[in-house]
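Reading the structure
Residue strings, one per chain:
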Amino acid sequence: MISRVRDVQLNHWARITSHGADATYAANAERIGLAHARAGVPPRLYLAGYAFLLERLIRGAIGRAQPRKSLFRRANPSASLADLVVALMKTALLDLCYGISAQITEAEQQRRAAETERAIVERGRLQAIKKLSHALARLADGDLTVRLRGELPEAFTAVERDFDISAGRLQEAIDAISHVAQDITKGADRIASAGDDLSQRTEQQAASLVETAAALAEITEAVQRSASSASQATDAV
C-alpha cells in the first residue's frame, strides 16, 4: 500500500516537472486529494506531508544548484537558487491548493448527503407516525379490517408487520367471541321456545283434566239419579 502511494506521488511530480501545471496535472491533484479525504487523512497530516516534501525538494535543489567553478566567468548562485526555490514553492503550494480544495469539496458533499439522508429519514418517520395513528384510530372505532400492507416506509417494515399481525389476531378473537355469543343466543332461543311449548302442553292437559272432571261429575249425578229412581220404584211395589 505504501509503495503504491509512493509510486503514484512520484509519477505525479514527474509529470509536473515534464508537462507543467496543465489540465491533466490539475485532475490528478484533485484525484489524489479526494483519495486522501476518502481514506480519512486529516488536513494537518496532509499539510505535514507537504512540509516534508518541500524540505526534501528544497534540500535536493540546493544540492544540485551549487555553483561550478569556471575559468572564464563567475557563477551567480543566488539568482539560480532563488528561482529554483520559488518555482518549487509555487508548484508545491499549487498542488496543495488542489488537494485541500478537493478535500473540502468532498467533505461538503458528504455533509449535504448526510443532511439529505436525515431529511428523508425524518419525512419517513413523520409519515409512518401519521399513517399508524390513522390506522389505530380506525381500529379504535371498531374497524377490525384495517391493515397497513406496505403503506409505511421501508425502515418501518417491522412495525407495519407487527401491526398487521396484531390487528389480524384481534379480528380473529372478536369473530370467535361473536360466534360463541350467537351460539349462546340460539341456545337460549331454543330453550325459551321449548319452555313455551311445555307451558302450552301443560295448559292443554289442565284443560283436559277439567273437562274430564266435569264429565265424571255429570256421570256421577246421572248414576245417583238412576239409583234414586230405582229405589222409588221398589218402594212402590
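Everything quoted here is computed from the prediction, not taken from an experiment. (Residues numbered from 1 in each chain as written. Predicted model: local features only at pLDDT ≥ 70, side-chain atom pairs only at ≥ 80, totals over all residues. Heavy atoms only, no water.)

**Section: the overall build of the protein**
Short version of the rule: Under the DSSP-based scheme used, a helix requires at least four consecutive residues in state H or I and a strand at least two consecutive residues in state E, with every element numbered from the N terminus. Residue contacts are defined here by distance: any two heavy atoms, one from each residue, within 4.5 Å place the two residues in contact. Each accessible area value is a Shrake-Rupley result obtained with a 1.4 Å probe; residue values ignore everything except the protein chains displayed when judging cover.
When helices and strands are counted, the protein shows five helices and zero strands. Reading the protein from its N terminus to its C terminus gives the helix and strand order α-α-α-α-α. For the protein, the proportion of contacts with a sequence separation of at least 24, taken over those separated by at least 6, is 61%. If you sum the accessible surface of the protein, you get close to 17900 Å²; carbon and sulfur atoms cover 59% of it.

**Re a nonpolar patch on the surface**
So the rule is basically this: Every patch collects residues that have over 30% relative accessible area and no salt bridge, joining them within 9 Å if they carry like charges and within 5 Å if they are nonpolar side chains (Val, Leu, Ile, Met, Phe, Trp, Tyr). By salt bridge we mean one thing: a side-chain nitrogen of Lys or Arg within 4 Å of a carboxyl oxygen of Asp or Glu. Exposure classes here rest on a 1.4 Å probe applied to the protein chains alone. A residue is buried below 20% of its type maximum, exposed above 50%, and partly exposed in between.
On the surface, Leu170, Ile174 and Ile177 cluster together into a nonpolar patch covering about 250 Å² of accessible area. Take Ile177: it is sitting in helix α5 (residues 157-236). Among the residues examined, Ile177 registers a relative accessible area of 55% and is labelled exposed.

**A closer look at the pattern of salt bridges**
This structure, assessed with the given rule, holds five salt bridges. Between Arg112 and Glu108 there is a salt bridge, with its nearest N and O atoms 3.1 Å apart. With Arg112 and Glu108 both in helix α4 (residues 77-140) and four residues apart, this pair spans about one turn of that helix. The residue Arg138 makes a salt bridge to Asp143 at a minimum N-O spacing of 2.7 Å. Judged by relative accessible area, Asp143 falls into the partly exposed class, the value being 24%.

**Some thoughts on the nonpolar core**
Under the convention used in this document: Put simply, a nonpolar core is a bunch of buried Ala, Val, Leu, Ile, Met, Phe, Trp, Tyr and Cys residues held in one set by side-chain atoms that sit within 4.5 Å of each other.
By size, the foremost hydrophobic cluster in this structure holds nine residues: Ala128, Ala135, Leu139, Leu144, Val146, Leu148, Leu152, Phe163 and Ala167. Counting residues per element, the ones that place at least two in this core are α4 and α5. Here the element with the most residues in this core is α4; it accounts for three residues.

**A short note on unusual backbone geometry**
Notably, Arg149 is not glycine yet its phi reads approximately 50°, a positive angle. In this structure, Arg149 sits in the loop between α4 and α5. A relative accessible area of 63% means that Arg149 is categorised as exposed.

**Topic: the confidence of the model for the protein**
Stated precisely, the cut-off is as follows: For every residue, the predictor reports its confidence as pLDDT, a number between 0 and 100.
Taken residue by residue, the protein gives an average pLDDT of 76. The fraction at 70 or more is 75%. Per-element averaging of pLDDT across the protein places helix α1 (residues 2-19) at the bottom with 66 and α4 at the top with 81.

**Observations regarding the side chain of Arg147**
Test applied: Asp and Glu are treated as the negative residues and Lys and Arg as the positive ones, with His and the ends of the chain left uncounted. Polar contacts, as used here, are pairs of N or O atoms within 3.5 Å; protein pairs need one atom able to donate a hydrogen and one able to accept it. Residues neighboring in sequence count only if both atoms are side-chain atoms.
On the secondary structure map, Arg147 appears in the loop between α4 and α5. Here Arg147 sits buried without a salt bridge, and the closest side chain of opposite charge, Asp164, lies 5.2 Å off (N-O distance). Of the polar contacts made by the side chain of Arg147, one reaches the backbone oxygen of Leu144; its length is 2.9 Å. A polar atom in the side chain of Arg147 sits 2.8 Å from the side chain of Gln171. Once residues lying within four places of it in the same chain are set aside, the contact partners of Arg147 are Asp164, Ala167, Gly168 and Gln171.

**Side note on the side chain of Glu106**
Structurally, Glu106 is set in helix α4. Overall, Glu106 belongs to the buried group, its relative accessible area being 8%. Sequence-distant contacts of Glu106, that is, excluding residues within four places in its chain, are made with Leu34, Ala37 and Arg38.

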